[in-house]
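Summary of structural features
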Amino acid sequence: MTPSSKPKKSSSGKSARAAELLPERELHRIVATVLRLARSTGAEETEVHVDEVADNLTRFANNGIHQNVAEQGLTVSVRTVVDGRTARATTNRIEEDSLRATIEASLALAHSQPKDPRVLPMLPKQRYRSVNRFVKQTAALTAEERARAVRLACDLAIKKGQVAAGIFASGQSQSAIGNSRGLFAAYRETHAEFSITMQEAAAASWAKANSADVRAFEPQKLAARASDKAHLAVNARELPPGRYTVILEPAAVLDLVGFLFYDFAATALEDKRSCLNDRMGTPLFGKNITIADDAYHPLQQGAPFDGEGLPRQRVLLVDRGIPRNLVYSRAAAKAARKTPTGHGFALPNEYGEAPMNLVFTGGDSSLEKMIASTGRGLLVTRLWYIREVDPYEKVMTGMTRDGLFLVENGRVTTAVRNFRFNQSLIEMLSNVELLGPAVRATGEEAFEMVVPAMKVHNFHFSEVTKF
């Protein structure tokens, strides 16, 4: 019997086994069924994406759990090509009638599209590098185990006279792609995330971690870090705006440099939408800045193939401050007479490609060393509400949040009222004095990357905020 793929939700607090994903043979069967049904429709080529996710979330606030939910769902997305036209349609059911209707919808949409000269023949069978990011301990994590960790964090908040809020999430996902030319690839991974905000009086601080392996972080250590910072943040003093030396923790670095990722897309340069236009091959950042896109880095997550099934390649994007390379989808590579790098999005799309696994080369300076080396500066926990002001100079604006502290004579002395900043990322990455070890960082404004903490001089704060 074929299981229904409609999402299943539960909000009960009852004990339950962790959800199980479909075996790979079932994904293969779904793909094969679509391709068999498509052969009689007039489609010249057919591509199938199957995506399944099983997510669990425990949410807490005011020192107690107020929500526990679990959701599981599967989608099948079908792209057809006919007479140089392509389109995609999606369903969340896997019965043959639903799959046949999805193929017909995709074909109808394709017939209504103009011919696209950039549409290429689908890929034949490929060879993929093996990656293993499915951790059984994460997949088996129960609501009770998440609740126990949350309880300990809330107990700490109560003991300290604080209020805790946040989430503990875990889950697993898988994807498969196949086409009518014989390509098939499948990938699965697990994921876990703990985020906590601790509030004391009007002050608050925050800590967060994310990994394929739930054992890679300790919720109680994150809670203790947020608690200590919240206590230190009480009675913050106001400083004048201006240019300061800053010590950016990894989350703050991530949420800024995350705005750079699409600038390394070949399509962005072709469309004159990149800060790297007319700057490739010339010094742009400091010599201590080296960036790669590496889907195989041990701290990364994500499939080893792109939206067309092409294997992802490691690409050196910035070498000691000099932008050296871009990433290319198949269509962008053909237009530029380059080799595709395996970074294309599922077709059709208007964005082309992007590096989704950025890795910054770090250094050996701990946060403690950065603080000790600073005569006067600011320690920044994280940033939020970041927006782009000038896309070519990469000027960003946003605010500090959840812990801004004054550093004087090599030690943290007091909390500081939050600032708004207006800062060019190009200038910032030219002013980096020290780098910490590169870690898997998670924030709120960008997807997870591998980045270091940074000590940066002349960071521009434009005004004091009202909170």
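Right, let's talk about helix 1 (residues 24–38) for a bit. Counting along an α-helix, one turn takes 3.6 residues, and residues three or four places apart therefore face a common direction. Along its 15 residues, helix 1 runs 21 Å from first to last C-alpha, staying within 8% of the 21 Å computed at 1.5 Å per residue. Every buried residue of helix 1 is accounted for by Glu26, Leu27, Ile30, Val31, Thr33, Val34, Leu35, Leu37 and Ala38.

A word on the environment of Gly161. Summarising the element assignment, Gly161 is placed in the loop between helix 4 (143–159) and strand 5 (163–179). Look at Gly161 and you get exposed, because its relative accessible area is 57%. Put simply, Gly161 and Ser227 are 66 residues apart on the chain and 9.8 Å apart in space, counted from C-alpha to C-alpha.

Once that is clear, we can look at unusual backbone geometry. Most peptide bonds take the trans configuration, and most residues that are not glycine carry a negative phi. For the bond running from Leu347 to Pro348, omega is -10°, close enough to zero to count as cis. Backbone geometry places Asn409, a non-glycine residue, at a positive phi of 50°. Along the polypeptide, Asn409 turns up in the loop between strand 14 (395–408) and strand 15 (411–415). Overall, Asn409 belongs to the exposed group, its relative accessible area being 71%.

For the rest of this paragraph, the subject is the packing of aromatic side chains. This model, assessed by the stated rule, comprises 13 aromatic pairs. Geometry around Trp384 places Arg401 over its ring, the cationic atom sitting 4.4 Å from the centre.

Another aspect to go through is the nonpolar core. Inside soluble globular proteins, nonpolar side chains tend to come together where they are buried. Grouped together as the largest cluster of nonpolar side chains are 54 residues, with contacts concentrated most on Leu256, Leu378, Met428 and Met454. What Leu378 contacts, discounting residues up to four positions off in sequence, is Leu239, Tyr244, Thr245, Val246, Ile247, Leu404, Phe405, Leu406, Val416, Phe419 and Phe461. Grouped together as the second largest cluster of nonpolar side chains are 23 residues, Ala38, Val48, Ala87 and Ala110 included.

Here we take up the pattern of salt bridges. Inspection of every chain in the model, using the stated rule, returns 30 salt bridges. Among the salt bridges present, the one from Arg85 reaches Asp83, with a minimum N-O distance of 2.9 Å. Residue classification places Asp83 among the partly exposed residues on the basis of a relative accessible area of 39%. Note that Glu249 and Lys229 form a salt bridge whose closest N and O atoms lie 2.4 Å from each other. With a gap of 20 residues between them, Glu249 in the loop between strand 8 (242–248) and helix 6 (250–257) and Lys229 in helix 5 (residues 219–232) connect regions that are remote in the sequence. The exposure class assigned to Glu249 is buried, which follows from its relative accessible area of 11%. Exposure remark for Lys229: the relative accessible area of 11% places this residue in the buried category.

This brings us to the environment of Gly362. Take Gly362: it is sitting in the loop between strand 12 (358–360) and helix 9 (367–372). You can call Gly362 partly exposed: its relative accessible area is 32%. Taking C-alpha positions, Gly362 is 8.4 Å from Ile289, a pair spaced 73 residues apart along the chain. Not counting the four nearest positions on each side in its chain, Gly362 is found in contact with Leu435, Gly436, Ala438 and Pro452.

Viewed as axis vectors pointing N to C, helix 4 and helix 5 meet at an angle of 25°, and their least axial separation amounts to 9 Å. Considering their axes alone, helix 4 and helix 5 lie roughly parallel with respect to each other. Two packed elements cross with a definite hand, and for helix 4 against helix 5 that hand is right-handed. Across the interface between the two elements, Ala149, Leu152, Ala153 and Leu156 from helix 4 touch Pro219, Gln220, Ala223, Ala224 and Ser227 from helix 5.

Moving on: the packing of helix 1 against helix 2 (residues 96–111). The N-to-C vectors of helix 1 and helix 2 enclose an angle of 55°; their axes lie 10 Å apart at closest approach. In terms of orientation, helix 1 lies oblique with respect to helix 2. Considering only the axes of helix 1 and helix 2, their crossing is right-handed. Across from Thr33, Val34, Arg36, Leu37 and Ala38 in helix 1, the residues of helix 2 making contact are Glu96, Leu99, Arg100 and Ile103. Of the residues assigned to the contact of helix 1 with helix 2, the class counts are 5 nonpolar, 1 polar and 3 charged.

Rules of the game
Residues numbered from 1 in each chain as written. Predicted model: local features only at pLDDT ≥ 70, side-chain atom pairs only at ≥ 80, totals over all residues. Heavy atoms only, no water. Helix = DSSP H or I, 4+ residues; strand = E, 2+ residues; numbered from the N terminus. Expected span 1.5 Å × (residues − 1). Buried < 20%, exposed > 50% of the residue type's maximum accessible area, 1.4 Å probe, protein only. Phe/Tyr/Trp six-rings, centres within 6.5 Å; stacked < 30°, edge-to-face > 60°. Lys NZ or Arg CZ within 6 Å of the ring centre and 35° of its normal. Core = buried A, V, L, I, M, F, W, Y, C linked by side-chain atoms within 4.5 Å. Contact = heavy atoms within 4.5 Å. Salt bridge = Lys/Arg side-chain N within 4 Å of Asp/Glu carboxyl O. Axes fitted to C-alpha atoms, helices over the stretch in contact; angles between N-to-C directions. Parallel < 35°, antiparallel > 145°, perpendicular 65-115°, else oblique. Left-handed = near helix turned anticlockwise from the far one by under 90°. Nonpolar A, V, L, I, M, F, W, Y, C, P; charged D, E, K, R; others polar.

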